[in-house]
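# Examination of the molecular architecture
Here are the chains, one letter per residue:
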Amino acid sequence: MGQFSGGCYLSCGILVFLGLQVPATLGRGSRGEALQHGPSGTLPHFLEEPDDAYIVKSNPIKLQCQAQPALQIFFKCNGEWVHQSQHMSQERTDLGTGLKIREVMINVSRQQVEDFHGPEDYWCLCVAWSHLGTSKSRKATVRIAYLRKNFEQDPQGIEVPLKGMIVLHCRPPEGVPVAEVDWLKNEESVNSDGIIDTRADHNLIISEARLSDSGNYTCLASNIVAKRRSTTATVVVYVNGGWSLWTDWSLCNVRCGRGVQKRSRTCTNPAPLNGGTFCEGMSVQKSTCNTLCPVDGGWGEWTEWTVCSAECERQRSRDCTAPEPKHGGRLCDGAALATHNCTGGLCTQNRKLLHDVKPQGVEGSSDVALYSGLAAGVVTVVVLIVAVTLYRKNQSEYGVDVIDSSALTGGFQSFSFKTSRQGNPLLINSSMQPDLTVSRTYTSPMCFQDSIDKELMAERSLLDPLPDLKVKGQSSFMVSLGVAERAEYHAMSHPQTFPRGMAPDYSGVTVEATLGRREKSLFMRHAPLISTRPPHKTTGVFGHAGGRLVVPNTGISLLVPHGGIAEDTTWEMYMIINQEDSCTVSDEGQEILLSPEVTYGPPGLDLSCPIAMTIAHCAEVAADNWTIRLKRQIQDNKWEEVMSVDEESASCYCLLEAQSCHLLLERPGRYALVGEPLSQEAAKRLRLAVFGSPDTCNPLAFTLRVYCVDDTPHAFQEVAVGERSRGGRLLEEPKTLLFRRNTFSLQVSIQDVPQLLWSIKPFTTCQEFSFSQVWASNQRPLQCAFSLERYSHSSSQLSCKISIRQVKGQEQILQVYTPVESEKGVVPFLAQSDCTVTSQTGSRAFKIPLSIRQRICATFDTANAKGKDWQLLAQKLHIDRNLCYFACQESPSAVILSLWEAQHQDSGDLDSLASALEEIGKVQSTTLVCSHEELDTEFT
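My aim in this report is to walk through the structure given alongside it, one point at a time. (Residues numbered from 1 in each chain as written. Predicted model: local features only at pLDDT ≥ 70, side-chain atom pairs only at ≥ 80, totals over all residues. Heavy atoms only, no water.)

Another aspect to go through is the overall build of the protein chain. Across its full length, the protein chain holds 13 helices and 56 strands. Sorting the 940 residues of the protein chain into buried and exposed places 39% on the buried side. If you sum the accessible surface of the protein chain, you get close to 52400 Å²; carbon and sulfur atoms cover 51% of it. (Helix = DSSP H or I, 4+ residues; strand = E, 2+ residues; numbered from the N terminus. Buried < 20%, exposed > 50% of the residue type's maximum accessible area, 1.4 Å probe, protein only. Areas by Shrake-Rupley, 256 points an atom, 1.4 Å probe, with all protein chains shown as cover.)

The subject of this paragraph is the sheet that holds strand S3 (residues 61–68). Within a beta sheet, neighbouring strands are joined by backbone hydrogen bonds and run either parallel or antiparallel to one another. Reading across the sheet, the four strands line up as S1-S3-S7-S6 and stay open at both edges, with antiparallel pairing between neighbours. Every interior strand has two partners, whereas the edge strands, strand S1 (45–48) and strand S6 (88–93), have only one. Strand after strand, the sheet turns through a mean of 25° between neighbouring axes, direction not considered. Across three bridges, S1 lies against S3 in antiparallel orientation. When the bridges of S3 are listed, phenylalanine 46 appears paired with alanine 67. (Pairing = 2+ DSSP bridges. Axes fitted to C-alpha atoms, helices over the stretch in contact; angles between N-to-C directions.)

Glancing now at the pattern of salt bridges. The full count for this structure, using the stated rule, is 21 salt bridges. The salt bridge partner of glutamate 91 is arginine 102, with a shortest N-O separation of 3.2 Å. Within this pair, whereas glutamate 91 is found in strand S6, its partner arginine 102 is found in strand S7 (residues 100–108), the two being separated by 11 residues in sequence. Between arginine 110 and glutamate 114 there is a salt bridge whose closest N-O contact spans 2.9 Å. With a gap of four residues between them, arginine 110 and glutamate 114 both fall in helix H3 (residues 110–115), about one helical turn apart. According to the relative accessible area criterion, arginine 110 is partly exposed, its value standing at 25%. (Salt bridge = Lys/Arg side-chain N within 4 Å of Asp/Glu carboxyl O.)

In total, this model carries eight disulfides according to the counting rule given. In this model, cysteine 77 is linked to cysteine 124 through a disulfide, with the two sulfur atoms separated by 2.0 Å. Disulfide cysteine 77-cysteine 124: the torsion about the S-S bond is 110°, which places it as right-handed. In this pair, cysteine 77 sits in strand S4 (residues 72–77) while cysteine 124 sits in strand S8 (residues 122–130), placing the two residues 47 residues apart along the sequence. Take cysteine 124: its relative accessible area is 0%, and that puts it in the buried class. Each sulfur of the disulfide joining cysteine 308 and cysteine 342 lies 1.4 Å from the other. A residue pair is termed long-range when its members are at least 10 positions apart, and cysteine 308 in the loop between strand S22 (284–291) and strand S23 (313–317) and cysteine 342 in the loop between strand S24 (337–341) and helix H4 (360–395) qualify at 34 residues. Here cysteine 888 stays unpaired: no disulfide links it, and the sulfur of cysteine 884, its closest cysteine neighbor, is 6.2 Å away. On the basis of relative accessibility, which here comes to 55%, the residue cysteine 888 falls in the exposed class. (Disulfide = S-S within 2.5 Å.)

The subject of this paragraph is the pairing of strand S55 (residues 811–819). As judged from the nine bridges shared by strand S54 (residues 797–806) and S55, these two strands associate in the antiparallel manner. For serine 799, the partnering residue across the bridge sits in S55 and is tyrosine 817.

Moving on to the packing of helix H9 (residues 850–860) against helix H12 (residues 892–903). The interhelical angle for the contact between H9 and H12, taken along N-to-C directions, is 135°, at an axis separation of 9 Å. In terms of orientation, H9 and H12 fall into the oblique class. Contact residues: Arg853, Ile856, Cys857 and Phe860 in H9; Ser893, Ala894, Leu897, Ser898 and Glu901 in H12. Residues of the contact of H9 with H12, tallied by class, amount to five nonpolar, two polar and two charged. (Parallel < 35°, antiparallel > 145°, perpendicular 65-115°, else oblique. Contact = heavy atoms within 4.5 Å. Nonpolar A, V, L, I, M, F, W, Y, C, P; charged D, E, K, R; others polar.)

Attention now goes to the nonpolar core. Soluble globular proteins tend to pack their nonpolar side chains together in the buried interior. Core analysis: the biggest nonpolar cluster contains 63 residues, and Met613, Leu704 and Ile802 have the highest contact counts within it. By size, the runner-up hydrophobic cluster in this structure holds 32 residues, among which are Ala845, Phe886, Ala894 and Leu910. (Core = buried A, V, L, I, M, F, W, Y, C linked by side-chain atoms within 4.5 Å.)

We now examine H12. In a regular helix each residue adds 1.5 Å, so 12 residues correspond to 16 Å; H12 covers 17 Å between its end C-alpha atoms and thus fits that length. By the criterion of burial, H12 is predominantly enclosed, with 11 of the 12 residues buried. (Expected span 1.5 Å × (residues − 1).)

Side chains of Val378, Val382, Val386 and Leu390 sit close together on the surface and give an oily, nonpolar patch of about 350 Å² of accessible area. Its location among the elements puts valine 382 in helix H4. Judged by relative accessible area, valine 382 falls into the partly exposed class, the value being 47%. (Patch = residues over 30% accessible without salt bridge, like charges linked within 9 Å, V, L, I, M, F, W, Y side chains within 5 Å.)

With that settled, the discussion passes to the environment of leucine 594. With respect to the helices, strands and loops of the structure, leucine 594 is situated in the loop between strand S38 (592–593) and strand S39 (598–601). On the basis of relative accessible area, leucine 594 is assigned to the buried category, the value being 1%.

What follows concerns the packing of aromatic side chains. If you walk through the whole model with that rule in mind, you get 14 aromatic pairs. When the ring of tyrosine 653 is compared with that of phenylalanine 886, the centres are 4.9 Å apart and the planes differ by 50°; the resulting orientation is tilted. Pair noted here: tyrosine 653 is in strand S43 (residues 653–656) and phenylalanine 886 is in helix H11 (residues 883–887), with a separation of 233 residues, a long-range link. By relative accessible area, which is 1% here, tyrosine 653 ends up buried. Relative to phenylalanine 886, the ring of tryptophan 870 has its centre 6.4 Å away and its plane inclined at 55°; by these criteria the two rings are tilted. Placement of the pair is tryptophan 870 in helix H10 (residues 870–876) and phenylalanine 886 in helix H11, with a sequence separation of 16 residues. Neither tryptophan 870 nor phenylalanine 886 differs from the other in exposure class; each is buried. Lying across the ring of tyrosine 574, lysine 537 places its NZ or CZ 5.6 Å from the centre. (Phe/Tyr/Trp six-rings, centres within 6.5 Å; stacked < 30°, edge-to-face > 60°. Lys NZ or Arg CZ within 6 Å of the ring centre and 35° of its normal.)

In this section: the side chain of arginine 685. Among the secondary structure elements, arginine 685 is positioned in strand S46 (residues 683–694). At 2.8 Å, the side chain of arginine 685 and the backbone oxygen of alanine 619 are in polar contact. Among all residues touching arginine 685, those that are not within four sequence positions of it are His617, Cys618, Ala619, Glu620, Ala658, Gln659, Val709, Asp710, Asp711, Thr736, Leu737 and Leu738. (Polar contact = N/O pair within 3.5 Å; in protein donor to acceptor, adjacent residues only side chain to side chain.)

Strands sit in the order S52-S50-S54-S55 across an open sheet of four strands; the sheet is antiparallel. Every interior strand has two partners, whereas the edge strands, strand S52 (766–769) and S55, have only one. On average, each strand axis in the sheet is tilted by 20° relative to the strand beside it, whichever way the strands run. Both strand S50 (residues 746–751) and S52 contribute to a ladder of four bridges, which runs antiparallel. Note on S52: the bridge partner recorded for leucine 746 is phenylalanine 769.

With respect to the element layout, glutamine 633 can be found in strand S41 (residues 626–633). In this structure glutamine 633 comes out as buried when scored by relative accessible area, which is 18%. There is a polar contact of 2.3 Å between the side chain of glutamine 633 and the side chain of asparagine 637. The residues contacting glutamine 633, other than those within four sequence positions of it, are Lys638, Trp639 and Arg670.

Two elements, S50 and S54, share six bridges in a ladder whose sense is antiparallel. Across the sheet, residue serine 749 finds its bridge partner in S54, namely serine 803.

Okay, helix H13 (residues 911–920) next. What sets the pattern is the α-helix's 3.6 residues per turn: residues three or four places apart point alike. For H13, the complete set of buried residues consists of Leu913, Ala914, Ala916, Leu917 and Ile920. Viewed along the axis of H13, the buried residues span an arc of 160°, placing them on a single side of the element. Opposite the buried face of H13, by more than 90 degrees, sit the exposed residues Asp911 and Glu919. Close packing links the buried residues of H13 with H9, H10 and H12. (Arc of directions from axis to C-beta.)

Written as structure tokens, this is what we have:
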């Protein structure tokens, strides 16, 4: 309203002004008009027009214009005149033309622009008057400048291969005026050149990526108001690995016959960089090779003698052709030509032959010499016979007496050597009176870690004087001293060695060894090939001294602590691995069996302290994705939960490790570990193995059998025994795969089969196990087979890959490279040797000597002022969970040490215990360094 009324007043003023000026102008005449408006008079001409402007924050802007000749200039904004009071004008005369130039300026505030509501932006223009009329300038728009904070599109990080295209998109925030876009790389401006292109649509494009193009890119938007930065986009230019050229084939690894040669290549052309993929394929190639064996030359038959020549000689020859030397073989030794005097040296002086001339004296002298030689020979033989007889008669008084003492005690095989009678020159000191009642026993466990070599090496001085002692046993042990005397060792059974109902069978077992000063190996076993299944039950008789019971090759053992059985009492204990299907897991939940079902007994077993049982499992426990429970079988083949591994209980104790679980139990029975997955990331370990064997029906066929079993020693032992019975060969080291609970199946496929040499049955190259088959296998092996057939007998090698992968999960590759036909005399596959004696009793069953164990218990079972009691011992041994169980025991320290024994039964390393005791300050670590021969030494 103000602008409108101001406009009316201005119009009236202009009309009054023009009415007053016109008479005066007419009175002045034509000369005055020419001076004011130029020679001919023109409309106003704008020298400067108002420009578009932006209001930044709250600062007003100025609009101005100039015109000549102009009597008056006024602004008109949004169709309305601007009040005269708001105009700032000035007038000047152009010195060149003498014309008046008028300049007008107004201010426009932010409030004025915000208050305007129209179909278009706020605008202003200038109107200039002269005698001939008016002129209008261009419209100038006035807008409020701004720039929003958020980008409409931020650039995204990208990974591209070398020489690939990089495209980074950027849409700046909305703003007035429109924001300009610049790109920053590592906080430095990016210049557009022939390689990097920043286009009008604000995108950054690099047509061929270089390694130097890797970096952090930022889109920078700016206008007159502010600058805005986008999120940083990381660009990685990676290089995929490439194989180098193959090296030359190596020399054949054998000097004679059939061998293997190989060549290699490296993933360095180029090497993978910035996360690029590694080269696919094999880095090593192997090929069979045949090296021609050298053939030494041999002489052929002699030719007939030639006719006697004029020189009274005859000759014969032979050739080195039976056989001829080949491939670097040696030439024949000896002469190829033989010469002989054909007249016995009798020739006439004129070189005539004397075949018929034989003097009588010559024949007589030859007969005398012949008879004399025969007589001398007979006398020599008689003298030698007499001498040998006398020598043997004297030596019989000093024979070697080897007394039989090969008793087997406590599951150990013992060898006893007693000193011989006085005067034997082979003894260390024959002048000393030997004690025939004392013998030295060398003992070695038959199933456990210790070796007979340790104690034999400790008494090496006893064996040094014996020149070449050999021990050989096949149901008996033969001791040979040199090549003369021999004595037998008969295996005798100790009445308390074996549990009731068990008798060891040593038939077919051959043990050979050579004991001497320069022998490196004192004992070497040749394990027999036995096709029977390994026993799944083991028993042992235990008393007050305690002991250990082991099911061979299954990862399952039982430790009976010292003092657990009352004195003067023995128990025949057993462990059994259940092979039958049972309802261990509940039908309602999602539990699966993670370990074998193990039974220990007998049911009425009465112990004063818990036993320690170790069970192998197949759960991946690195992450907390499982709820693992211990279950025990009750009546009617039903199972009850004993405890959860993560919970505390006063009835039993569970120490869960990566591959096994150590249990402290007090009630005999059947136990098993079951697991319930908490998420799809839960996984169990599978052991993968590939076996192979020729087809007995088709000599050109070869079968590959792939096994997927739960990763427990017991489950894999079943596969090993089965393959050993059918003559299978283990073709690749078994590998482990994590099978996750993501409901996806397991695929097994065969790859890289030489198509020109081998054929495979159609539709069998890829086989699949469903998720439920694998996840709920419950220790049962899964098997698939690939049947291949070679085109000819000349294809003696099979090379391929076996890919085992879980869909959307892990993958393992088993590389197969094997001869098709088994070499004669080579055992195709041999599982771990079976044991018939699987128990240890007494001090040898424990790693901690009894005296040290007793001293530790006496020290830590009673709390003192410093707090160094059994709880601190448990903490230092990393057994600091569920301490309420130990608090309920009569001797908490003894139970803790039993658990430590079970945990370290394989390593047998006392360092961790010594370190814990040293930290507590009770003992010095050096005191615990005691040899196995000093197990009963007092701990000082």
